Amino acid sequence: MPNGVFTAYGALVILAESLVRQGCFYLPVTDAAMLNNDGSHGLHEVVQNALPVSHAAARASARSWSLGLLGWAVSFGLALWLMVAWGASTGVNNDFTQNVWLPSRLVLNGVDPYQPSRTQVDLALGSYASIFQTFNSGDSYNFIYPMWVALAFTPFAMLPLGMALALWRAANLLLLIWGVLRILKSSGAAFRSARAPAIAATVLTLFLALIYRESILTIILGQFSIIEFALLAAVWGYLARRSNTDPASRRALILGDVLVGVALAVLATKPQAVGLPVLLLGLWAISRRRWVIPGAAVSSLALLLLGPLVAFPSSLQSWISVVAGGQAGSQTSVSASVWGVSYQWLGGNPSWVWFALVLSLIGLVALVPHWRRDLLDRTAPVPISLALTLCINSVISPYMLGYEHVLLLFPALLMLAAAGLPDEQGGRQWTQWRMAVYGWMAALPFVLVAVQAGLGGKEYPVIVQSLSMLALVCVARFRWSEPAVDTVRSAVSANG
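Below you will find a few notes about this structure.

### Some remarks on the packing of helix 18 (residues 338–346) against helix 19 (residues 351–376)
For the pair helix 18 and helix 19, interaxial distance at closest approach is 9 Å and the crossing angle is 145 degrees. Every pair of crossing elements has a handedness; the one defined by helix 18 and helix 19 is right-handed. Taking contact as the criterion, the partners of Val338, Trp339, Ser342, Tyr343 and Leu346 in helix 18 are, on helix 19, Ser351, Trp352, Val353, Phe355, Ala356, Leu357, Leu359 and Ser360. When its residues are assigned to classes, the contact of helix 18 with helix 19 shows 10 nonpolar, 3 polar and no charged.

### Observations regarding a nonpolar patch on the surface
On the surface, Val353, Trp354, Leu357, Leu361 and Leu364 cluster together into a nonpolar patch covering about 460 Å² of accessible area. Positionally, Leu361 belongs in helix 19.

### Here's the deal with helix 9 (residues 161–187)
Look at helix 9: 39 Å from first C-alpha to last across 27 residues, which is about the 39 Å you get at 1.5 Å a residue. Within helix 9, 22 of the 27 residues are buried, leaving the element largely enclosed by the surrounding structure.

### Let's talk about the environment of Ala387
Among the secondary structure elements, Ala387 is positioned in helix 20 (residues 386–396). A relative accessible area of 5% means that Ala387 is categorised as buried. As for Ala387 and Met415, which are separated by 28 residues in sequence, their C-alpha atoms are 9.4 Å apart. Discounting chain neighbours no more than four positions away, the residues touching Ala387 are Phe410, Pro411 and Leu414.

### Things to note about the packing of aromatic side chains
Per the counting criterion, the structure on display carries 16 aromatic pairs. Ring geometry for Phe135 versus Tyr141: centroids 5.5 Å apart, planes at 65 degrees, classification edge-to-face. Both rings, one in Tyr145 and one in Phe224, keep their centres 5.2 Å apart while their planes meet at 90 degrees; by these two values the pair is edge-to-face. Here Tyr145, found in the loop between helix 6 (118–125) and helix 7 (147–152), pairs with Phe224, found in the loop between helix 11 (213–221) and helix 12 (225–241); they are 79 residues apart in sequence, far enough to count as distant. As far as the burial class goes, Tyr145 and Phe224 line up, both buried. Put simply, the rings of Phe96, Tyr114, Phe143, Tyr145, Phe153, Phe156, Trp168 and Phe224 pair up and form one aromatic cluster. Taking NZ or CZ as reference, Arg169 lies 5.4 Å from the ring centre of Trp86, over its face.

### Considerations on the nonpolar core
If you look at the biggest cluster of nonpolar residues, it comprises 95 residues, and the most contacted ones within it are Phe229, Leu409, Phe410, Trp440 and Met441. For Phe229, the residues in contact, after removing those within four places along its chain, are Leu176, Gly179, Val180, Ile183, Val406, Leu407, Leu409, Phe410 and Leu413. Counting residues in each nonpolar core, the second largest holds 33 residues, with Val111, Val121, Trp148 and Ala164 among its members.

### Re the packing of helix 9 against helix 21 (residues 409–419)
Packed helices, taken two at a time, are described by the angle between their axes plus the distance between the axes. The contact between helix 9 and helix 21 brings their axes to 9 Å, and the two run at 40 degrees. Considering their axes alone, helix 9 and helix 21 lie oblique with respect to each other. Along this stretch, helix 9 crosses helix 21, giving a crossing that reads as right-handed. Taken together, the residues of helix 21 that come into contact with helix 9 (itself represented by Leu176, Val180, Ile183, Leu184 and Ser187) are Leu409, Phe410, Leu413, Leu414 and Ala417. Counted by class, the contact of helix 9 with helix 21 contains 9 nonpolar, 1 polar and no charged residues.

### A closer look at helix 6
Along helix 6, the residues classified as buried are Val121, Ala124 and Leu125. Mapping the buried residues of helix 6 onto a view down its axis gives an arc of 95 degrees, with all of them on the same face. Residues of helix 6 that are exposed and angled more than 90 degrees away from the buried face: Thr119 and Leu123. Buried residues along helix 6 sit against helix 5 (95–108). Phi turns positive one or two residues past the end of helix 6, at Gly126, with a value near 65 degrees.

### Considerations on the pattern of salt bridges
Under the counting rule described, the total for this entry stands at 5 salt bridges. Notably, a salt bridge pairs Arg213 with Glu214, separated by 2.9 Å at the nearest N-O pair. Residue Glu214 is classed as buried on the basis of its relative accessible area, which comes to 0%. When the shortest N-O distance is used, the salt bridge between Lys270 and Glu228 registers 3.0 Å. Taken as a pair, Lys270 in the loop between helix 14 (254–267) and helix 15 (271–287) and Glu228 in helix 12 lie far apart in primary sequence, 42 residues in all. In this structure, Lys270 and Glu228 share a single accessibility class: buried. What you see here is one network of salt bridges that share partners, running through Glu228, Lys270 and Glu404.

### A word on the environment of Pro160
Secondary-structure assignment places Pro160 in the loop between helix 8 (154–157) and helix 9. Between the C-alpha atom of Pro160 and that of Trp101, which follows or precedes it by 59 residues, the distance is 9.4 Å.

Parameters and conventions
Residues numbered from 1 in each chain as written. Predicted model: local features only at pLDDT ≥ 70, side-chain atom pairs only at ≥ 80, totals over all residues. Heavy atoms only, no water. Axes fitted to C-alpha atoms, helices over the stretch in contact; angles between N-to-C directions. Helix = DSSP H or I, 4+ residues; strand = E, 2+ residues; numbered from the N terminus. Left-handed = near helix turned anticlockwise from the far one by under 90°. Contact = heavy atoms within 4.5 Å. Nonpolar A, V, L, I, M, F, W, Y, C, P; charged D, E, K, R; others polar. Patch = residues over 30% accessible without salt bridge, like charges linked within 9 Å, V, L, I, M, F, W, Y side chains within 5 Å. Areas by Shrake-Rupley, 256 points an atom, 1.4 Å probe, with all protein chains shown as cover. Salt bridge = Lys/Arg side-chain N within 4 Å of Asp/Glu carboxyl O. Expected span 1.5 Å × (residues − 1). Buried < 20%, exposed > 50% of the residue type's maximum accessible area, 1.4 Å probe, protein only. Phe/Tyr/Trp six-rings, centres within 6.5 Å; stacked < 30°, edge-to-face > 60°. Lys NZ or Arg CZ within 6 Å of the ring centre and 35° of its normal. Core = buried A, V, L, I, M, F, W, Y, C linked by side-chain atoms within 4.5 Å. Parallel < 35°, antiparallel > 145°, perpendicular 65-115°, else oblique. Arc of directions from axis to C-beta.

Dropping the structure here:
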């Protein structure tokens, strides 16, 4: 990257730190509730406190909102400049073009994105047609996601490809920053502090998340992994802050639960990456009798899949045909999971499928006691085994590519929140824990790049990344007399 791009990258981290200090990543009323220790952050507090609030407090809230909006605008402008300056050297033959821009462009042209002719694809690509000799789907192009995805991203298809790609990357960069801050602040009281050690630890964590190989890879390719990560962070932060269970509070939180359900429906579009976490969150909501969440999830998913049939009657059948016709199993033999490893080790022996299946079942069985604990627990405001579930999902998924490991930042950040700050929890085991997590973020992914290069670029060695995070999560649960996971539980419980 040019020196100016590095400067902008650092400036973005510094700006994020200043926004953290100003509290611009959270609603002002939530911050006020937190400072007042009123024990509740639900929407009912906004309603109850709206009328008697003083003019001075109203002006302070307005200033906080203004600073927040200004900070986001400046951050997005800086991120967009960064992506325009850097993106020119990365080309456009990537997943964003094939999964977002091109299918939406075909839809705008009145073409079925699941069965377009080469002429129709070249017309949609315009001057970029010569770059695409082959596609992710093979020699001919086929859209691989439900029709609602193409419809949702039509605003990008209305723009020139270069600008659309820069906007997508800039938005993903900000979503990554927001998601990191959301998880840290909602899971650890130390990271909600404005003290210098807290700010320094936050900036360091942000920087490592930004240079994390899978973050960079997702931004370059234009994949959806950061969006999935941000949605999980939003759900986690919402549940952690809104755990009040009295009837009045729950009625006031219906809108929030609806949004959680919608988020789960959107995440269900990528079951290979987050299928198990979505299932856990749904079952957990049912166990807490928060019926709005599963109800909104099911109805939203039905609307997303069936709604486009009004204008595109054959779209659902076409999508199912593409998936069942080979897309679902196309990456199994190279997957960065037990499936890819089994294929590489056993090669042409047909038993590799059974071996991978047995390992996957072992992973699922291992989750049962942890899920049972979450479903029976009535005190924790969140399902504590979500981090473990994410790790096992990554290890056993038949369709797991390296960029999806952005999601593993979620358990990493939870562990950092549990470890706290050195001046508060400075014991040897906590120091070793921080170093292990930071090393996992900063060094391991690039070590695996070297291993992949020595193996001809094969994807399966990346399973070491998910296995090592799984090991860290297991250590947090079983190694210490007071596991880090319980520390997170205490933090989010106090936050709620």
